[in-house]
Amino acid sequence: MRVREALGHRTHRAVATGGDDQVGARRDSLRPGYDVSGTVDALGEGVENVRIGDPVIGFLPMTGDGGAAQYVVAPADSFVAAPRSIPLEDAAGIPSVALTAAQALFEAGGLASGQRLLVNGAGGPVGGYAVQLAHRAGAHVIATASPRSADTVAANGADEIIDHTTTPVLDAVTAPVDMLLNLAPISPEDFAALATLVRDGGIVVSTTPMVETPSDDARGVRAATVYVHPDAARLADIVRLVDEDGLRVDIAAHVELRDLPALHAKADAGEVHGKVVVVPPAA
């Protein structure tokens, strides 16, 4: 595939530096950027689901090199047709973060219409999709956010927004929730405290494996930690929501491939917020 854009965020940075990533292994000296958008440039024998010249997006296998390059080679089932309603460059901001949100909500959490959902860390890239997808599923969404991201979280469909910089979440949530979805760095003590907000028989879901996801056997509260995995069918459905239902794809910035080291330095310093897509030079 000829790459138009590759996504960069903190998990990609962990892969690039050989750090522990979401698949729980060290990956030394790999090229980062496993979310890509571009056009099909060549096909292997027997490939029938795409054609040369097709615009596509993909979630590349996390066991190999990523898409921060002019071309990538990957299994054909890593790709689906790109959305038509947004620029192809911006579509690189969809795969892993949208898949993480969907897998957390529906595969791990079994979210259903009418349920109450608390999203801790709704202002981040995964949180943006989680709020939107939960809202579309008919859930009542309670979201924590800072003043910097509150307007975006509201536009994404949150029913209640808690400014966690001024208000304790434990005080702001006045009725039990069916699911707690944690997307933010958190201490074990704070995580256990938030889990008390989940009703008996509910579930705590987390995308932060550095801290154990708390459960409560006495109350029947289950725990699930999500590790994003490829799912072409679900990714295609997310693309459909972008084109037909206005699912928002927010991109914070575009940077040239040659500026990737500087982007990593800013990310390490906590100066990068949201999704940043990396533009390779013309082939």
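Anything mentioned here points back to the structure above.
In short, a report on the structure. Remember, predicted model here, so these are calculated numbers, not experimental data.

As a volume, the second largest pocket reaches approximately 240 Å³. When grouped by side-chain class, the residues that make up the lining of the second largest pocket number 14 nonpolar, 1 polar and 1 charged.

Taking 1.5 Å of rise per residue, the 12 residues of helix α3 (residues 125-136) would be expected to cover 16 Å, and the 17 Å separating its terminal C-alpha atoms lies within 8% of that figure. Burial within α3 is extensive, with 9 of its 12 residues counted as buried. Among all positions of α3, only Val-126, Gly-127, Gly-128, Tyr-129, Ala-130, Val-131, Gln-132, Leu-133 and Ala-134 are buried. Of the surrounding elements, those touching the buried residues of α3 are α2 (95-108), β5 (116-120), β6 (140-145), α4 (150-155), β8 (177-182) and α7 (232-245). In the stretch just after α3, Gly-138 is the one whose phi turns positive, near 90°.

On to the nonpolar core. Membership of the largest hydrophobic core comes to 54 residues, with the highest contact counts inside it found for Ile-94, Leu-105 and Leu-117. A per-element tally of this core places α2 first, with 7 residues. Look past the residues within four positions of Leu-117 in its chain and what remains in contact with it is Leu-105, Leu-111, Ala-134, His-140, Val-141, Ile-142, Met-179 and Leu-181. Of all hydrophobic cores here, the second largest spans 16 residues; its members include Ile-142, Val-173, Val-177 and Val-221.

Time to look at the side chain of Thr-100. Mapping Thr-100 onto the fold places it in helix α2. You can call Thr-100 buried: its relative accessible area is 3%. If near-sequence neighbours (up to four positions away) are discounted, Thr-100 is found in contact with Val-126, Thr-207, Val-226 and Val-228.

The geometry of α2 relative to α7 is characterised by a closest axis approach of 10 Å and an angle of 105° between their N-to-C directions. Viewed along their axes, α2 and α7 adopt a mutual orientation that is roughly perpendicular. Contacts between α2 and α7 involve Pro-95, Ala-98, Leu-99, Ala-102, Gln-103, Phe-106 and Glu-107 from the former and Arg-234, Leu-235 and Ile-238 from the latter.

Rules behind the numbers
- Residues numbered from 1 in each chain as written.
- Predicted model: local features only at pLDDT ≥ 70, side-chain atom pairs only at ≥ 80, totals over all residues.
- Heavy atoms only, no water.
- 1 Å grid on protein atoms, 1.4 Å probe; cavity = no way out; pocket = protein on both sides within 12 Å on 5 of 7 lines; lining within 4 Å.
- Points joined across faces, edges and corners; volume = space filled by probe spheres on them.
- Nonpolar A, V, L, I, M, F, W, Y, C, P; charged D, E, K, R; others polar.
- Helix = DSSP H or I, 4+ residues; strand = E, 2+ residues; numbered from the N terminus.
- Expected span 1.5 Å × (residues − 1).
- Buried < 20%, exposed > 50% of the residue type's maximum accessible area, 1.4 Å probe, protein only.
- Contact = heavy atoms within 4.5 Å.
- Core = buried A, V, L, I, M, F, W, Y, C linked by side-chain atoms within 4.5 Å.
- Axes fitted to C-alpha atoms, helices over the stretch in contact; angles between N-to-C directions.
- Parallel < 35°, antiparallel > 145°, perpendicular 65-115°, else oblique.

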